[in-house]
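Structural description and commentary
What follows is the residue order along each chain.
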Amino acid sequence: MEAAVTSHKSVEPAVPARAALPEQRAEAAGRDAATAGAPGAAARGASRGLWISSTYFAEGLPYAIAHKVAGEFFTAAGASLEIIGLVSLYGLPWNLKFLWSPLVDLHGSSRRWLVGAEIALAVILLGLAAAADSGALGLVAALFGLVAVAAATHDIAVDGFYLQALDKDAQAAFSGLRVGAYRLALLAGALLVAFAGWASFGASFAVAAALLALLAGAHGVGLPRPAAAARPEAAPGAAAGLRRYAEPFRAFLRQPGIASSLAFILCYRAGDALMFAMSSPLLKSLGLDTAARGNVGGIGTVASIAGSTLGGVLIKRWGLARTIFPIAVAQSLAILLYVALAWSRPALPWIVALVTLEQFIAGVGTAVLVVFLMRRCVDGYKSSHFAIGSALMSVSATFAGSVSGYLAARAGFTAFFAIAFAASLPGVVLSRWVPRD
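Values in this document were obtained by computation on a predicted structure and should not be read as measured data.

1. Quick notes on the overall build of the chain
On a plain count of helices and strands, the chain comes out with 20 helices and zero strands. Buried residues in the chain amount to 56% of all 437 residues. Total accessible area on the chain stands at roughly 17200 Å², and carbon and sulfur atoms take up 70% of it.

2. Here's the deal with unusual backbone geometry
For R345, which is not a glycine, the phi torsion comes out positive at approximately 45°. You can see R345 is positioned in the loop between α17 (336-344) and α18 (348-375).

3. Looking at the packing of aromatic side chains
For the structure shown, the criterion picks out 17 aromatic pairs. Seen in terms of ring centroids, Y63 and W94 are 5.2 Å apart; in terms of plane orientation they differ by 85°. Their pairing is edge-to-face. With a gap of 31 residues between them, Y63 in helix α2 (residues 41-76) and W94 in helix α4 (residues 92-96) connect regions that are remote in the sequence. What makes Y63 partly exposed here is its relative accessible area of 23%. For W94, a relative accessible area of 4% translates into the label buried. Every member of this aromatic cluster is reached through a ring pair, and the members are F73, F74, Y90, F144, F201 and F205. The aromatic ring of F372 is capped on one face by R376, whose charged end is 4.6 Å from the ring centroid.

4. What to know about a nonpolar patch on the surface
A cluster of nonpolar side chains, namely I83, L86, L89, L92, L96, L99 and Y406, defines an oily patch on the protein surface of about 550 Å² accessible area. Elements with a contribution of two residues or more to the nonpolar patch: α3 (81-86) and α4. As for its position among the elements, L92 is in helix α4. The partly exposed category is assigned to L92, whose relative accessible area is 38%.

5. Topic: the confidence of the model for the chain
In the predicted model, the chain carries a mean pLDDT of 82, and 85% of its residues have values of at least 70. Contacts for the low-pLDDT stretch residues 1-39, under 50 throughout, to residues beyond four places or in other chains number 74 contacts.

6. Details of helix α12 (residues 258-267)
Among the residues of α12, those classed as buried are I258, S260, S261, F264 and I265. For α12, the buried positions fall inside an angular range of 160° around the axis, keeping them on one side.

7. Focus on the nonpolar core
Ranked by size, the top nonpolar core spans 49 residues in total, and within it I52, Y162 and F264 carry the most contacts. A per-element tally of this core places α18 first, with nine residues. Beyond its immediate stretch of four places on either side in the chain, Y162 contacts W51, I52, Y56, A170, Q171, F174, S175, R178 and M374. If you look at the next biggest cluster of nonpolar residues, it comprises 39 residues, including W94, A148, A151 and L212.

8. Looking at the packing of α18 against helix α19 (residues 382-411)
It is the contact of α18 with α19, at a shortest axis distance of 9 Å, that shows an interaxial angle of 140°. Considering their axes alone, α18 and α19 lie oblique with respect to each other. For the pair α18 and α19, the sense of crossing is right-handed. Contacts between α18 and α19 pair L369, V370, L373 and M374 from the former with F386, G389, S390 and M393 from the latter. Each residue belonging to the contact of α18 with α19 can be placed in one class, and the counts come to six nonpolar, two polar and no charged.

9. Details of the side chain of E59
Summarising the element assignment, E59 is placed in helix α2. R178 provides the closest opposite charge to the buried, salt-bridge-free E59, at an N-O distance of 5.7 Å. When neighbours within four sequence positions are excluded, E59 is seen to be in contact with H154, D155, V158, D159 and Y182.

10. A look at the pattern of salt bridges
Two side chains that carry opposite charge are able to pair once their charged atoms sit near each other. Inspection of every chain in the model, using the stated rule, returns eight salt bridges. Put simply, R178 and D159 hold a salt bridge, and the shortest N to O gap is 3.1 Å. On the criterion of sequence distance, the pair formed by R178 in helix α9 (residues 175-198) and D159 in helix α7 (residues 137-165) is long-range, its members being 19 residues apart. Taking the relative accessible area as the measure of exposure, R178 reaches 4% and is therefore buried.

11. Quick notes on the environment of L341
Inspection of the secondary structure assignment puts L341 in helix α17. According to the relative accessible area criterion, L341 is buried, its value standing at 0%. Setting aside residues no more than four positions away along its own chain, L341 makes contact with L282, L286, P346, I351, L354 and V355.

12. Quick look at the packing of α17 against α18
The contact between α17 and α18 brings their axes to 9 Å, and the two run at 165°. Classified by the angle between their axes, α17 and α18 sit roughly antiparallel to one another. Between α17 and α18 lies a crossing whose hand is left-handed. Counted together, L337, Y338 and L341 of α17 and I351, L354, V355, L357 and E358 of α18 form the full contact between these two elements. Classifying every residue of the contact of α17 with α18 gives seven nonpolar, no polar and one charged.

13. Side note on the environment of A210
By the secondary structure assignment, A210 is in helix α10 (residues 201-222). Judged by its relative accessible area of 44%, A210 is partly exposed. A210 sits 88 residues away from A122 along the chain, and the two C-alpha atoms are 6.8 Å apart.

14. Observations concerning helix α13 (residues 270-277)
In terms of burial, α13 is a largely internal element, seven of the eight residues being buried. Looking at α13, one finds that the buried residues are A270, G271, D272, A273, L274, M275 and A277.

What counts and what doesn't
Numbering of residues begins from 1 in every chain and follows the order in which that chain's sequence is written. Residue-level local features of this predicted model are given only where pLDDT is at least 70; pairs of side-chain atoms are given and counted only at 80 or more, and the full residue set underlies all totals for whole chains, interfaces and linings. Based on all heavy atoms of the structure, the side-chain values leave hydrogens and waters out of the count. The helix and strand labels rest on DSSP assignments: H or I over at least four residues marks a helix, E over at least two residues marks a strand, and numbering proceeds from the N terminus. With a 1.4 Å probe rolled over the protein chains alone, any residue whose accessible area is under 20% of its type maximum counts as buried; one over 50% counts as exposed, and the rest are partly exposed. Under the convention used here, a 1.4 Å probe and the Shrake-Rupley method define accessible areas, while residue burial counts only the protein chains that appear. Each aromatic pair joins two rings of Phe, Tyr and Trp (for Trp, the six-membered one) with centres within 6.5 Å, and gets the label stacked for planes under 30 degrees apart, edge-to-face for over 60, and tilted for any other angle. Placement of a positive charge over a ring is assigned whenever Lys NZ or Arg CZ falls within 6 Å of the ring centre and within 35 degrees of the normal to the ring plane. Here, patches come from residues exposed beyond 30% relative accessible area and free of salt bridges, joined within 9 Å for like charges and within 5 Å for nonpolar side chains (Val, Leu, Ile, Met, Phe, Trp, Tyr). Criterion for a salt bridge: a side-chain nitrogen of Lys or Arg within 4 Å of a carboxyl oxygen of Asp or Glu. Each residue gets a pLDDT score, which is the predictor's confidence in that residue and runs from 0 to 100. Contacts between residues were defined by any pair of non-hydrogen atoms, one from each residue, lying within 4.5 Å. Starting at the helix axis, one direction is taken to each C-beta atom, and the arc is that of these directions. Residues enter a nonpolar core if they are buried and are Ala, Val, Leu, Ile, Met, Phe, Trp, Tyr or Cys, with the set joined through side-chain atoms within 4.5 Å. Only the stretch in contact is used when a helix axis is fitted, and all axes are lines through C-alpha atoms; the angle between N-to-C directions ranges over 0 to 180 degrees. Note that the term roughly parallel is reserved for angles under 35 degrees, roughly antiparallel for angles over 145, roughly perpendicular for angles of 65 to 115, and oblique for everything else. Crossing handedness: left-handed means the near helix sits turned counterclockwise from the far one by under a right angle, and right-handed means the same turn made clockwise. Residue type decides the class: Asp, Glu, Lys and Arg count as charged, Ala, Val, Leu, Ile, Met, Phe, Trp, Tyr, Cys and Pro as nonpolar, and the leftover types, Gly among them, as polar. Positive: Lys, Arg. Negative: Asp, Glu. His and the chain ends are not part of the count.

Structure below.
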């Protein structure tokens, strides 16, 4: 989900100058207030880079716990492929977060929601640390579910804060840093797995709880305070309140080319979702224990950070319109590397090399999708719109992952990853038809 790009030149096509809308003026005022008093552009850039990195690291860590670490926990516990595949259902809060995303836009501020969600996550992870080594798998499963709900809410707030605090030029320029920080959190998740193999899962969750508590304190003190975008005044009454709640959805669906955009968002990562859900069981079948899988995952995540960095640079240099299709093709072809892994069952150096290459290409692909989703966000409803887009993106991951164990158990790993490659092809086709601005 790229390092910072120093140039702030927009990747969007130039448009004629026009008068700013009220919400755009408010957003600009907020950015000015947030950076007022800074000694210069370099200092402002460093300050922004720091909070962007820390908030997206805080966004990625609980995602890694609810997805990767949870799967590794149940894999280590000896669960069946079907049960491990059902771990993907922890993605449901990300699928459904659009239902409560207007609350973040309409009540309080993205900043307050962000810090509050981090505090909640730290508390839940402490409970998970206490339960993980007790053998109470039902309680552990329930706590993973709470982590997922709090993390999805945190995602809404973090993405909304990013879109509110930065203009479109800066959003594009810092997209690489944003994705890179998120991927660094996924690396931390892999390291938590490796640490669990050396110590215990309970100890790993305690470390994660302490880290999120520290981030919550730092963000409560150090995040900028941009002014909220102007919104229409709400009329009294339940019907008016419902209309106000529904307006972000209407604004999202009124965008040009929305049908192809929705189809693309749903399909773009479907093949990757299938592959990811069964990656740990495949590596276990190849002889890698929990610590080894964590180490391989860590190397792969470093590669994905490098890939997201390259993706941000490519989009910045050539624009989304010229890069979206070739990157979609590369992401799809990379799934065949797992077909090769499952078929040839190679030695460890080859396993590391193929996993690393696939993760590098996946990082490039993630950068494209992030920029595409940002382009679908309308002023005044940015938290809601990014939540809607990212929720739709995760629908395919949840559905594909939940059936992955059943498919792999019946078809075998080689045929299963071939099916995952086939599932990626609709996203490649749709990348030729979606809006490019």
